[in-house]
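# Results of the structural survey
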Amino acid sequence: MESSKYDASIFLNERVVFYQRRDGFRFGTDTFLLTDFVRLKGRERLIDLGTGCGVIPILLLLKHPDLTAVGIDVLEENALLATKNAEVNRVSDRFTALTLNVKDVKKRFRAGEFDVAVSNPPFIEVERGEVSLREHRAVARQEITARLEDFICAASYLLKFKGRFYLLLPTVRFVDAMELLRKYGLEPKRLRFIQPEREREANLFLLEAVKGGGKGLTVEPPLIVYEDAKRRVYTKEVEEKYRSFLTV
């Protein structure tokens, strides 16, 4: 890979390093909050749908030594970056990155291979917004190569019965997500809205759905990210999440 195109982001008190494109989609607090929202139960197998540079599975592998993970991405460049990041962070023995569109998971995996699926999928419907001129950023944010329905359909296929799906989306796609999850047999079980600041409306939501789960949804208190967004001062809750994520 051409070194001038990438830089290294040092994360979680210099305990983790991620290489990413300088001009591409770059992970942020929302990616970390989705990672923190995931609940794991020991020796499980996880798949990240649209893995990007591998942030979510790599962080979870560092936190959970019995976990194994696969990350798939439609861009080969992202799969290569995720592989490099797994090597740099010493989890490559438990991680595989593949170049694969979520629409094609049946060509590569058997039904019900995974205990957990996670995704921070593209959320902008192409006909409702301008298409980015940068392919790398566009594929991460816009439904160019796959729609939200394709990600949810893939998760349903890949998960075992009672397997868990964790999802992060903007609130504008909330109703779409709820309808599609039910359509594909994934029952919403745990929901948390994210507000950028206390006095501002929620703009994102975190959701856990269970394949074949019964009715019953727990709505957790809203997660407030910043005390002061302009100065990037986190709330105590978010600060504690960062501080304690990799604490044994």
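Bear in mind that the values here come from a model prediction, so they are computed numbers and not experimental data.

The tendency in soluble globular proteins is for nonpolar side chains to be buried as a group. Residues Phe11, Leu12 and Leu59 are the most contacted members of the largest nonpolar core, which totals 44 residues. Residue contacts for Leu59: discarding those within four places in its chain leaves Phe11, Leu12, Val16, Phe18, Phe32, Thr35, Phe245 and Leu246. Judged by nonpolar contacts, the second largest core, of 32 residues, contains Val70, Leu100, Phe151 and Leu167.

Before going further, it helps to examine helix α1 (residues 29–37). Of all nine residues making up α1, seven are buried, and the element is well covered by its neighbours. Within α1 the residues assigned to the buried category are Thr29, Thr31, Phe32, Leu33, Leu34, Thr35 and Phe37.

Two elements in contact, α1 and helix α2 (residues 55–63), have axes separated by 10 Å at closest approach and are oriented at 45°. Between α1 and α2, the interaxial angle falls into the category oblique. Classified by chirality, the crossing of α2 by α1 is right-handed. Counted together, Thr31, Phe32, Leu34 and Thr35 of α1 and Val55, Ile56, Leu59 and Leu60 of α2 form the full contact between these two elements. For the contact of α1 with α2, the per-class residue count stands at six nonpolar, two polar and no charged.

Reading guide: rules and limits
Residues numbered from 1 in each chain as written. Predicted model: local features only at pLDDT ≥ 70, side-chain atom pairs only at ≥ 80, totals over all residues. Heavy atoms only, no water. Core = buried A, V, L, I, M, F, W, Y, C linked by side-chain atoms within 4.5 Å. Buried < 20%, exposed > 50% of the residue type's maximum accessible area, 1.4 Å probe, protein only. Contact = heavy atoms within 4.5 Å. Helix = DSSP H or I, 4+ residues; strand = E, 2+ residues; numbered from the N terminus. Axes fitted to C-alpha atoms, helices over the stretch in contact; angles between N-to-C directions. Parallel < 35°, antiparallel > 145°, perpendicular 65-115°, else oblique. Left-handed = near helix turned anticlockwise from the far one by under 90°. Nonpolar A, V, L, I, M, F, W, Y, C, P; charged D, E, K, R; others polar.

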